[in-house]
Amino acid sequence: MSVYVDNAMIPYGRMRMCHMLADTDGELRAMALRIGVSQRWHQGDHFDICLSKSRLAVQLGAKEVTTRKLVEIRRKKS
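Attention here is on the structure that accompanies the text. (Residues numbered from 1 in each chain as written. Predicted model: local features only at pLDDT ≥ 70, side-chain atom pairs only at ≥ 80, totals over all residues. Heavy atoms only, no water.)

**Some points on the nonpolar core**
- One finds Met20, Met31, Ile35, Phe47, Ile49 and Ala57 to be the most contacted residues of the largest nonpolar core, which totals 15 residues.
- Methionine 20 has contacts with Val3, Tyr4, Val5, Leu28, Met31, Ala32, Ile35, His46, Phe47, Ile49 and Ala57, leaving out every residue within four places of it along the chain. (Core = buried A, V, L, I, M, F, W, Y, C linked by side-chain atoms within 4.5 Å. Buried < 20%, exposed > 50% of the residue type's maximum accessible area, 1.4 Å probe, protein only. Contact = heavy atoms within 4.5 Å.)

Below, the structure is given as structure tokens:
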């Protein structure tokens, strides 16, 4: 089981955002808690997170992937 963060750089105000996805919803929500992302930002099957949270997630074991790879992972889950 894994958590993934992509290399997207989506502008949101002064921040840049990326996506965090996991093999299971439980893993996804647990990582969000560990990196300090509120559960209210849960978007069905992923979280949009700022780059500093992405770096923290990677330090805690998330895998860095391209946006294209994240889309592939998402499709396989469906």
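**Side note on the side chain of aspartate 6**
- With respect to the helices and strands, the residue aspartate 6 is situated in strand E1 (residues 3–6).
- It is arginine 74 that comes nearest to the buried, bridge-free aspartate 6 among opposite-charge side chains, at 8.5 Å.
- Within the local environment of aspartate 6, its side chain forms a polar contact with the backbone nitrogen of alanine 8, the two atoms lying 3.3 Å apart.
- Here the side chain of aspartate 6 touches histidine 19 through a polar contact of 2.7 Å, side chain to side chain.
- Contacts of aspartate 6, omitting those with residues within four sequence positions, involve Cys18, His19, Val65, Thr66, Thr67 and Leu70. (Helix = DSSP H or I, 4+ residues; strand = E, 2+ residues; numbered from the N terminus. Lys, Arg positive; Asp, Glu negative; His and termini not counted. Salt bridge = Lys/Arg side-chain N within 4 Å of Asp/Glu carboxyl O. Polar contact = N/O pair within 3.5 Å; in protein donor to acceptor, adjacent residues only side chain to side chain.)

**Re the pattern of salt bridges**
- Taken as a whole, this structure holds 3 salt bridges when the rule is applied.
- A salt bridge links aspartate 25 to arginine 29, with the nearest nitrogen and oxygen atoms 2.8 Å apart. Remark: arginine 29 and aspartate 25 occur in helix H1 (residues 25–35); sequence separation between them is 4 residues, near one turn of the helix.
- For aspartate 25, a relative accessible area of 36% gives the class partly exposed.
- Assessed through its relative accessible area of 29%, arginine 29 is described here as partly exposed.
- A salt bridge links lysine 69 to glutamate 72; its shortest N-O distance comes to 3.7 Å. Pair noted here: lysine 69 and glutamate 72 are both in helix H3 (residues 67–77), with a separation of 3 residues, about one helical turn.
- A residue is classified by how much of its surface remains accessible, and lysine 69, at 35% relative accessible area, is partly exposed.

**Some details on the environment of tryptophan 41**
- Within the secondary structure, tryptophan 41 sits in the loop between H1 and strand E4 (47–50).
- As for tryptophan 41 and histidine 19, which are separated by 22 residues in sequence, their C-alpha atoms are 11 Å apart.

**Let's talk about H1**
- Taken as a whole, H1 has its buried residues at Leu28, Met31, Ala32 and Ile35. Looking straight down H1, one finds that the buried residues subtend no more than 105° of arc, so they occupy a single side. Counted as exposed and oriented over 90 degrees from the buried face of H1: Leu33 and Arg34.
- Contacts from the buried residues of H1 go to E1, strand E3 (15–22), E4 and helix H2 (51–59).
- The first or second residue beyond H1 is glycine 36, which carries a positive phi of 85°. (Arc of directions from axis to C-beta.)

All we've got here are geometric facts, nothing functional implied.
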